[in-house]
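Commentary on secondary and tertiary structure
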Amino acid sequence: MKIVFAEPAKTPAGCVAVFAIPERTLLGYGVALDKATQGALKRAMAASRFAGKKGQTLGVMAPNGLAADRVIIAGLGPAKEITRRSAEGVGGSILADANGTGQKSLSVLVDAPSGSALEAPELAARLALGLRLRSYRFDKYRTKEKPEQKPTVTSVTIYVPGAAAARRLYAGLQAVGDAVFLTRDLVSEPPNVLYPESLAKRARELSKLGLKVEVLGEAQMRRLGMNALLGVGQGSKRDSQMVVMRWDGGRRGEKPLAFIGKGVCFDTGGISLKPAQGMEDMKWDMAGSAAVIGIMHLLAARKARVNAVGLVGLVENMPSGEAQRPGDVVRSMSGQTVEVINTDAEGRLVLCDVMWYAQEKFDPRLMVEFSTLTGAIVVALGHERAGLFCNNDNLANQLRDAGSRVGEKLWRMPLGDGYDELIKSDIADMKNIGGREASSVTAAQFLKRFVQGDRPWAHVDIAGMAWSGKGDATTPKGATAFGVRLIDQFVSDHCEK
Ligand code: BES
Ligand code: MN
Ligand code: ZN
């Protein structure tokens, strides 16, 4: 789908979108089209539930007096409540309406209502980003789709006074869309196509953007003592990998930020096998790593003035004659030993070695890690918020605020010594599960044991957020790329000079 910006001209043909705010107040272009149609738009609003609320749309087919086939009236909500994020949502809703009625070319006539914090060019750029994000589709494996089953909108023109400014703003947002699409693609790929080595290969392609990408195989990780990670992958025919991506856009010698991702390319549970029902979902147990790859892509593409390193641990958790057993004890890179009670609690075993490597090698000023770590976080928070576990109030607040600005919401969860007690082992330094109670917290306590000193560290459990069963205004159902925009916002708000 192509998106271009232009100065307002005479009313275009095809599908045309105009805007309204509550209560049923058309903005300038809407008023003009209403006049040209002798009041068809106002009559249509009055005859419907449309009130101009944020994200509402009302379609008017082939009104007399216009060349347009369809006019979409889109609600922006109250002028004072318009934000970048709300504008993106409105853009997404317009695209959904236009695709739903088979339109091919869409023209959006943008004017900003008085009292809006966004001026017309910025409103236009954010609408465009929302349109693009909503247009995502993973259809490379569909060979029999008829044209009428596909989304129809192929070109979008956004008419706005100050088109050049809008175009510039949107160019700056292009990298956001590219990174989100990359992450969604990786998460959507089936597990026979995307496995540790093939995912590492995809990450390697980031070197085109000026990132330094290094891939470590099993032999190298064995030399480093990463036995916790290797134990998870030992039942699989696929070799485990760790990918290290560096972006040095900041001052020389400045300590980097570290972003870490769980990359379990498929999680059968191992010998502690999961039930068949829904197991196919475990192809997206690598969503944390895909988010980190997207984040590194985005930082490099927009040349962020920061030093950052992204590290992902890539494994496949399979049962076999060589698989790890419940009861095995592994020695992690940190030297701490772990009794593996349940081979399905594998994410923490992968992450503990990647976190240790990150700290030994890069001495990062902070660490933020993303993982689809526990089913229990979905029970606690559903699909509304990811769980945030953090040893530093300042970092926790900054991440939470960044997330709420981009629509990736976090909810802070507790840590504490009482929870830590639950992972004591009789024969090793710790065990890898703490039992049924507070199991998202005990997973986080496990990870915390691999944080050196009081280095700021955050663990974001995205098990409920990586994939959406219903989608929203800017996310079709499927992979969400949760985390990519959150970190982009966090870095630009707090980490760039
Ligand atoms: N990848 C799963 C967690 C998960 C479950 C993510 C559902 C998304 C949806 C993780 O490796 C896992 O299996 N966790 C277990 C831990 C348990 C054995 C302590 C869980 O949550 O049941
Ligand atoms: Mn598991
Ligand atoms: Zn898992």
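Source: prediction; values computed, not measured.

We now examine the coordination of the manganese ion (ligand 2). Looking at the manganese ion (ligand 2), one finds its protein donor set to be D267 (OD), D344 (O), D344 (OD) and E346 (OE), positioned 2.0 to 2.2 Å from the metal centre. Each of the six donor atoms around the manganese ion (ligand 2) contributes to a set of angles spanning 69 to 164°, which defines the coordination as irregular. Mapped onto the sequence, the residues coordinating the manganese ion (ligand 2) show the spacing D-x76-D-x1-E. A separation of 3.2 Å is found between the manganese ion (ligand 2) and the zinc ion (ligand 3), which are bridged by D267. Placement of D267 in strand β10 (residues 257–267) and of E346 in the loop between β13 (337–339) and α10 (347–362) is noted, with a sequence separation of 79 residues between them. Of the two residues examined, D267 and E346, each falls in the buried class.

Taken in spatial order, the three strands make up an open sheet running β12-β13-β17, and their pairing is mixed. Strands at the two margins of the open sheet, each flanked by one partner only, are β12 (329–331) and β17 (430–431). Relative to β17, β13 runs parallel, the two sharing two bridges. Looking across to β17, one finds that V338 is bridged to M430.

Here is a general trend for soluble globular proteins: nonpolar side chains tend to be buried in one another's company. Ranked by size, the top nonpolar core spans 56 residues in total, and within it M245, F259, M296, L399 and I487 carry the most contacts. The element best represented in this core is helix α9 (residues 287–301), accounting for eight residues. With near-sequence residues (within four places) excluded, L399 lies in contact with V368, L388, L410, A458, L486, I487 and F490. Among the nonpolar cores identified, the runner-up in size contains 47 residues, and A87, V90, A98 and L118 belong to it.

Each domain of the protein was delimited in the assignment, giving domain 1 (2–161) and domain 2 (180–494). Just the C-alpha atoms count here: the centres of domain 1 and domain 2 sit 38 Å apart. At the junction of the two partners, domain 1 supplies 17 residues and domain 2 supplies 17 residues. Surface buried jointly by domain 1 and domain 2 totals about 1,400 Å² across both partners, of which 54% is contributed by carbon and sulfur atoms.

This next bit is on the sheet that holds strand β16 (residues 410–412). The sheet built from eight strands is open, its strands ordered β8-β9-β11-β10-β14-β18-β15-β16 with mixed pairing. Since the sheet does not close on itself, it has two edges, and those belong to β8 (212–216) and β16, each with one partner. Averaged over all pairs of adjacent strands, the angle between strand axes in this sheet comes to 20°, irrespective of strand direction. Pairing analysis gives five bridges linking strand β14 (residues 366–371) to strand β18 (residues 457–461), with the strands arranged parallel. Pairing of S371 across the sheet is with D461, part of β18. The strands touched by α9 are β9 (241–248), β10, β11 (307–317) and β14; relative to β10, the strand with the most contacts, the crossing angle is about 140°.

Counting across every chain of the model gives 31 salt bridges. Measuring nitrogen to oxygen at the nearest pair gives 3.1 Å for the salt bridge that ties K255 to D363. Remark: D363 occurs in the loop between α10 and β14 and K255 occurs in the loop between β9 and β10; sequence separation between them is 108 residues. One salt-bridge network, held together by shared partners, links R85, E88, R126 and R485.

Of the protein atoms, only K262 (NZ), D267 (OD), D285 (OD) and E346 (OE) coordinate the zinc ion (ligand 3), at distances of 2.0 to 2.4 Å. Bound by six donor atoms, the zinc ion (ligand 3) shows angles of 78 to 173° at the metal and therefore octahedral coordination geometry. Spacing between the donor residues of the zinc ion (ligand 3) along their common chain follows K-x4-D-x17-D-x60-E.

About the thresholds
- Residues numbered from 1 in each chain as written.
- Chains lettered and ligands numbered in written order.
- Predicted model: local features only at pLDDT ≥ 70, side-chain atom pairs only at ≥ 80, totals over all residues.
- Heavy atoms only, no water.
- Donors = N, O, S within 2.8 Å, 3.2 Å for Na, K, Ca; no water.
- Tetrahedral: all angles 85-135°; square planar, octahedral: opposite > 155°, others 65-115°.
- Helix = DSSP H or I, 4+ residues; strand = E, 2+ residues; numbered from the N terminus.
- Buried < 20%, exposed > 50% of the residue type's maximum accessible area, 1.4 Å probe, protein only.
- Pairing = 2+ DSSP bridges.
- Core = buried A, V, L, I, M, F, W, Y, C linked by side-chain atoms within 4.5 Å.
- Contact = heavy atoms within 4.5 Å.
- Domains from an automatic or database assignment.
- Buried area = accessible area lost by both parts, 1.4 Å probe.
- Axes fitted to C-alpha atoms, helices over the stretch in contact; angles between N-to-C directions.
- Salt bridge = Lys/Arg side-chain N within 4 Å of Asp/Glu carboxyl O.

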